[in-house]
Amino acid sequence: GGAELFTIALDTTRHEGKFAVTTNGLMTNVPPLAAPGDRVCVVPGLAKPLILRASKCRGNGDEKNTWSLVGECYVHGVMRGEALEREHDLELFLIE
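Being a predicted model, the structure only gives us computed values, none of them experimental. (Residues numbered from 1 in each chain as written. Predicted model: local features only at pLDDT ≥ 70, side-chain atom pairs only at ≥ 80, totals over all residues. Heavy atoms only, no water.)

Quick look at the overall build of the chain
So, point 1. Per the secondary structure count, the chain includes two helices and six strands.
So, point 2. For the chain, the succession of helices and strands along the chain, N to C, is α-β-β-β-β-β-β-α.
So, point 3. For the chain, buried positions account for 26% of its 96 residues.
So, point 4. Once local pairs closer than 6 in sequence are excluded, the contacts in the chain between residues at least 24 apart make up 36%.
So, point 5. Of the roughly 7,000 Å² of accessible surface on the chain, a fraction of 55% belongs to carbon and sulfur atoms. (Helix = DSSP H or I, 4+ residues; strand = E, 2+ residues; numbered from the N terminus. Buried < 20%, exposed > 50% of the residue type's maximum accessible area, 1.4 Å probe, protein only. Contact = heavy atoms within 4.5 Å. Areas by Shrake-Rupley, 256 points an atom, 1.4 Å probe, with all protein chains shown as cover.)

So this is what it looks like as structure tokens:
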């Protein structure tokens, strides 16, 4: 079942992370520094999803939205491209 597959996959990707659940109910193993509000980002071509954190950056008198890399993660159900098949769950954005 799903829980057994998650346990097997978790054993192969363990990185001193912690268990978490995404807002849409997916089980994850995230880096220790991950926090509520961080985003799971699936990048085509990468083996594992990334955890990104939104923040504000001030410079030249203006404020910009930026993203900081927290680390990589395991997300049950998206490790083999499944996330790219569920367009309704995706939010596309440009990283400059």
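The structure having been displayed, the exposition proceeds.
Re the pattern of salt bridges
So, point 1. Per the counting criterion, the structure on display carries two salt bridges.
So, point 2. One salt bridge connects R53 with D38, and the closest N-O pair in it is separated by 2.7 Å. Highlighted residues: R53 in strand β4 (residues 50–59) and D38 in the loop between β2 (27–30) and β3 (39–41), separated in sequence by 15 residues.
So, point 3. Across the pair K48 and E72 runs a salt bridge, and its minimum N-O distance is 3.3 Å. Of the two residues, K48 is situated in the loop between β3 and β4 and E72 in strand β5 (residues 62–72); the sequence distance between them amounts to 24 residues.
So, point 4. Among the residues examined, E72 registers a relative accessible area of 38% and is labelled partly exposed. (Salt bridge = Lys/Arg side-chain N within 4 Å of Asp/Glu carboxyl O.)

A look at the side chain of D38
So, point 1. The class for D38 is buried, based on a relative accessible area of 17%.
So, point 2. There is a polar contact of 2.8 Å between the side chain of D38 and the backbone nitrogen of A35.
So, point 3. Sequence-distant contacts of D38, that is, excluding residues within four places in its chain, are made with L33, I51, L52, R53 and V70. (Polar contact = N/O pair within 3.5 Å; in protein donor to acceptor, adjacent residues only side chain to side chain.)

Shape is all these values report; function is a separate question.
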